[in-house]
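Spelled out, the chains give:
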Amino acid sequence: MPVTIKVKSLNKSFGPINAVRGVSFEVNHGEVLGFLGPNGAGKSTTMKMITGFLEPTSGTVEVNGFDVLDNPIEVKRSVGYLPEGAPAYGEMTVKSFLNFIADVRQLTGSHRQKRIDEVVDIINIKHVIDQSIETLSKGFKRRVGIAQAILHDPSVLILDEPTDGLDPNQKHEVRNLITEMSEDKAIVISTHILEEVDAVCSRAIIISSGVLMFDGTPTELIAKSDRSDIDHAFRIITTPTVNGKRETSAQ
Amino acid sequence: MSPLYSIYKREFTSYFVTPVAYVFIVIFLFLTGVFAFYIGAFFETNQADLEPFFRFHPWLYLFLIPAISMRLWSDERKSGTIELLMTLPVSITDAVIGKYMAAWSFTAVALALTFPMWITVNYLGNPDNTVILASYIGSLIMAGGFLAIGSCISAFTKSQVIAFVISVVICFMFILSGFPMVLDIFQSWAPQAVLDAIASFSFLTHFTSIKKGVIDIRDVIYFSALIIFWLYVNVVVIEAKKAS
């Protein structure tokens, strides 16, 4: 499997705060990487650096062989990105918004309309297509954000909390969608829902306070807990004071 | 379709899906009329020209242009759409120029809708239409100058109100830079050469000759340089502040 995303000793500091410290990992084609960590751990910051929104203080990011600082446009072309909170132009209708994305992504000809129809169908937003985005519910806004990210069928997909704010049925749909797409893409998702990692991810990474704490398969993550409990494993890795024994005796 | 044009198109149509465009155009037409007929004494001067109409454009633009430009970047930053925009395969320069051109085109539409003034003056007399055309072009170029300032200022803040107020103040200084109220600030300590330079920045001075129907190449260069300068700063500011 060819390596698609290559992150090497990435650092990002905002003034005195070191948000990301020496994070390195790789994502292969066909993999779904789950990005875990407590709030403020540096997940979103790392994703913003991969997509070229933020410049790293030091370290490199390569996507499909292109360095994100040297060839930002090339990287942005091959990446589909759902930013945190799924921002979109509220006054636009779903249809005009997707058309705008298709314009910027330079989709042309018959392929363009076909692709828009396809995505609208996959994401299930057909009946809100003429509604302005600001009138949509949180779940639909999130779906429009995902639709926008996959419109140009990118080889790399970065989704920041794609299931946040969705109801259980919608979560299930999005997870299925991710699994379906994973075959011919490299996908990175961040999430707080640990079952999601087990359900859709082929690999998991945990960062805490900007430092990479774990990199392995979900099975390996679960094995970190003596109770085979993924939540417990997450707590052991991200909170230094909790170890298996103390946690058990406290209960 | 190039990314620049896609951004231009999106931005331009976005004016018309909200009431902003219609409110702006109505107010603009109403005020240009009021200024021309009542304060400019369009009828009383008994001359077949549009000087009383164009004379007040700098003062109308002072408040109306920042009202258009204030949302250009501050809104993107506040709503977080800047993250979407900056992770699409578009350069910051393209984004800045695309949005700026959209706002400028919108101003052009508003200005073009003052055509009844032109019809009126042609109905009442025999004006020199080349002078009127030159004045329209000059007015549009000056609007472009105001817009470039406003666009740049809106990149500095997430608050549209702050963007509006600061833009008005800076535009006001550019209008009046040849007048004592601005020059006095520099009089006591700056050398004469600097004072002359500041005085030559005045929008009013440059607009006065255009308004008479003379499109002097120096005035065009002045406004072009001004626009390029502010848009360049705009790009630099977005680069630095997009994520904060």
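Model, not experiment: these values are computed from the prediction.

This part covers the overall build of chain B. When helices and strands are counted, chain B shows 14 helices and zero strands. Expected size for 244 residues packed as a compact globule is a radius of gyration near 18 Å; at 19 Å, chain B falls within 12% of this value. Dimensions of chain B, computed from the C-alpha atoms along their principal axes, are close to 55 × 50 × 30 Å. For chain B, the proportion of contacts with a sequence separation of at least 24, taken over those separated by at least 6, is 77%. For chain B, the accessible area works out to roughly 10900 Å², and carbon and sulfur atoms hold 73% of it. Here chain B carries 13 positive and 14 negative side-chain charges, and the mean point of each set is 9 Å from the other.

Here the focus is the sheet that holds strand 2 (residues 17-28) of chain A. All names here are of chain A. Within the open sheet, the four strands sit side by side as 2-1-4-5. Their pairing is antiparallel. Each end of this open sheet is capped by a strand with a single partner; those strands are strand 2 and strand 5 (66-67). In this sheet, strand 2 lies alongside strand 1 (residues 3-14) in antiparallel orientation, the contact comprising eight bridges. Paired with Val3 across the strands is Asn28, a residue of strand 2. Seen against the sheet, helix 1 (residues 43-50) touches strand 1, strand 2 and strand 4 (58-63) and runs at an angle of roughly 120° to strand 1.

A few words on the pattern of salt bridges. Tallying each qualifying case throughout the model produces 19 salt bridges over all chains. Asp130(A) is paired through a salt bridge with Lys95(A); the nearest N and O atoms lie 3.9 Å apart. With Asp130(A) in the loop between helix 4 (109-123) and helix 5 (138-150) and Lys95(A) in helix 3 (residues 94-104), the pair connects residues that are 35 residues apart, well separated along the chain. Residue classification places Asp130(A) among the exposed residues on the basis of a relative accessible area of 57%. Where Glu11(B) meets Arg10(B), a salt bridge forms, and the shortest distance between an N and an O atom there is 3.1 Å. The exposure class of Arg10(B) is buried, given its relative accessible area of 5%.

Calculation notes
- Residues numbered from 1 in each chain as written.
- Chains lettered and ligands numbered in written order.
- Predicted model: local features only at pLDDT ≥ 70, side-chain atom pairs only at ≥ 80, totals over all residues.
- Heavy atoms only, no water.
- Helix = DSSP H or I, 4+ residues; strand = E, 2+ residues; numbered from the N terminus.
- Rg over C-alpha atoms; globule rule 2.2 N^0.38 Å.
- Contact = heavy atoms within 4.5 Å.
- Areas by Shrake-Rupley, 256 points an atom, 1.4 Å probe, with all protein chains shown as cover.
- Lys, Arg positive; Asp, Glu negative; His and termini not counted.
- Charge placed at Lys NZ, Arg CZ, Asp CG, Glu CD.
- Pairing = 2+ DSSP bridges.
- Axes fitted to C-alpha atoms, helices over the stretch in contact; angles between N-to-C directions.
- Salt bridge = Lys/Arg side-chain N within 4 Å of Asp/Glu carboxyl O.
- Buried < 20%, exposed > 50% of the residue type's maximum accessible area, 1.4 Å probe, protein only.

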